[in-house]
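# Per-entry structural report
Residue strings, one per chain:
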Amino acid sequence: MAISAVARETVFALRRQIAKIEGTLPERLQAPAGSAPDDIAKSDMTIVRRGLAVASVDAFLHTGIERFDAALGGGLPKAALSEIHGLETRDAGAVAGFALSLVSLILREKQGLPILWVGTAEIFHEAGLPYARGLHALFGIEPEQLLFSEAPKLLDALWIAEEAARMTAFAAVILEIRGSPRLLDLTATRRLHARARNAGRPLLLLRQAGEADPTAAPVRLIVSAAPSASRETVAGPLAGSIGRPAFKVDIGKSRTALPGQFTLEWNPDEHAFAERTENSVAVVPASGGGTDPAPASGAVLAFPALASPASGDQPSRQQHPAHRSPRRAG
């Protein structure tokens with residue numbers, strides 16, 4: 001007995017709900033039998049992301065690096081909370097630079113809308129603020145497109161970010177937090193993620209020297225500075241020069257990807273990412289005046305192998321009490 005069109009649509013809707021609840025791996029949903037070609041084309045653009053609602057391919061922010069976007073299951077979700085971690089305080093500049101690179105890509109689609117950067121006074125005093133001329137020169141961001149909100153307390157910063165994330169007047173919202181505060185828990189990040197998802201805007205959570213605590217963000221990237229390659233010229237790489245800024249990006253958590261590590265360069269002229277695939281970059285040149293060091297002859301030990309010490313190596317009688325007396329515990 002043939003299944004009616006209504007029954008087919010009902011089964012198809014149930015399959016989508018089950019995939020959403022179970023958090024299945026990314027897979028394309030097959031259209032119901034008898035669907036029109038246009039419907040099949042639309043369904044082919046629909047994928048299931050683990051823990052996320054059914055979303056189309058254009059719901060992701062593409063970095064332009066195919067391997068990186070594929071590892072993320074299509075790119076960074078536009079309507080979601082995404083974490084960008086710096087393991088140490090000194091990584092704050094790299095984290096901010098990587099976030100501004102993403103903002104440059106976001107503003108291509110959301111032209112005319114500003115970006116709101118929220119943080120506490122502690123954050124901005126510790127890491128500083130972006131340089132206005134550098135914003136335009138490196139990222140193509142006009143200074144008036146980037147708004148800052150300095151909150152006296154973390155609770156205020158969370159409230160501002162949550163209220164701003166629900167507004168469509170901003171192209172994106174950035175929330176920068178230091179450490180692993182107790183207030184930044186699953187409940188707080190769930191609210192932030194829900195606001196961003198409902199407004200259809202990305203919310204970037206920048207973490208300075210923070211632990212990888214459980215949050216509601218579908219993606220967590222760990223970012224640090226990578227050595228810059230030499231500047232390219234017509235005659236080849238210019239020795240001793242500093243080329244484009246580079247970032248080492250680790251996928252620390254993703255609901256649709258396996259962990260991976262990438263080295264991405266930012267092209268300030270084209271405002272685009274490029275992947276660097278070489279294994280290593282020379283940082284300090286070898287000495288030009290001396291001979292080459294001899295190759296290692298084998299394992300080098302700090303102490304000789306265990307054996308009976310020579311008589312000349314025995315401690316003196318004056319040293320025996322000091323060696324054998326127990327150390328003070330207090």
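Anything mentioned here points back to the structure above.
Everything numeric here is computed off the predicted structure, so don't read it as measured data.

### Digging into the overall build of the protein chain
- Of regular secondary structure, the protein chain possesses nine helices and 15 strands.
- Buried positions account for 39% of the 330 residues belonging to the protein chain.
- A separation threshold of at least 6 residues defines the contact pool for the protein chain, and within that pool the share at least 24 residues apart is 68%.

### Describing the packing of aromatic side chains
- Scanning the model with the defined rule gives seven aromatic pairs in all.
- With centroids separated by 5.1 Å and ring planes inclined at 70°, the aromatic side chains of Phe68 and Phe262 adopt a geometry described as edge-to-face. With Phe68 in helix 3 (residues 66-71) and Phe262 in strand 14 (residues 261-267), the pair connects residues that are 194 residues apart, well separated along the chain.
- Between Phe124 and Phe148, the aromatic rings sit 5.9 Å apart at their centres with planes inclined by 85°, giving edge-to-face as the arrangement. Here Phe124 is found in helix 5 (residues 121-127), whereas its partner Phe148 is found in strand 7 (residues 146-151), with 24 residues between them in sequence.

### Description of the environment of Ile177
- The residue Ile177 is located in strand 8 (residues 172-178) in this model.
- Residue Ile177 is classed as buried on the basis of its relative accessible area, which comes to 3%.
- Sequence separation between Ile177 and Leu158 is 19 residues, and the spatial gap between their C-alpha atoms is 9.4 Å.
- Not counting chain neighbours up to four residues away, the residues in contact with Ile177 comprise Ile123, Leu154, Leu158, Leu184, Leu205, Leu206, Arg207 and Gln208.

### Quick look at the sheet that holds strand 10 (residues 219-226)
- Spatial ordering of the open sheet is given by 7-6-8-9-5-10-13-14-15, a layout of nine strands whose pairing is mixed. In this open sheet, the two edge strands, each paired with only one partner strand, are strand 7 and strand 15 (272-275). Taken over all neighbouring pairs, the strand axes of this sheet differ in orientation by 25° on average, direction set aside.
- As defined by bridge partners, strand 6 (residues 115-120) adjoins strand 7 across six bridges and the pair is classed as parallel. In the strand pairing of strand 7, Ile115 is matched with Leu146.

### Concerning helix 8 (residues 186-199)
- Taking 1.5 Å per residue as the helical rise, helix 8 with its 14 residues ought to reach 20 Å, and the 20 Å between its terminal C-alpha atoms agrees with that figure.
- Buried within helix 8 we find Ala188, Thr189, Leu192, His193, Ala194, Ala196 and Ala199.
- Buried residues along helix 8 sit in contact with strand 5 (81-86), helix 7 (154-165), strand 8 and strand 9 (203-208).
- In the segment just after helix 8, Gly200 is the residue with positive phi, at about 70°.

Rules and cut-offs
- Residues numbered from 1 in each chain as written.
- Predicted model: local features only at pLDDT ≥ 70, side-chain atom pairs only at ≥ 80, totals over all residues.
- Heavy atoms only, no water.
- Helix = DSSP H or I, 4+ residues; strand = E, 2+ residues; numbered from the N terminus.
- Buried < 20%, exposed > 50% of the residue type's maximum accessible area, 1.4 Å probe, protein only.
- Contact = heavy atoms within 4.5 Å.
- Phe/Tyr/Trp six-rings, centres within 6.5 Å; stacked < 30°, edge-to-face > 60°.
- Pairing = 2+ DSSP bridges.
- Axes fitted to C-alpha atoms, helices over the stretch in contact; angles between N-to-C directions.
- Expected span 1.5 Å × (residues − 1).

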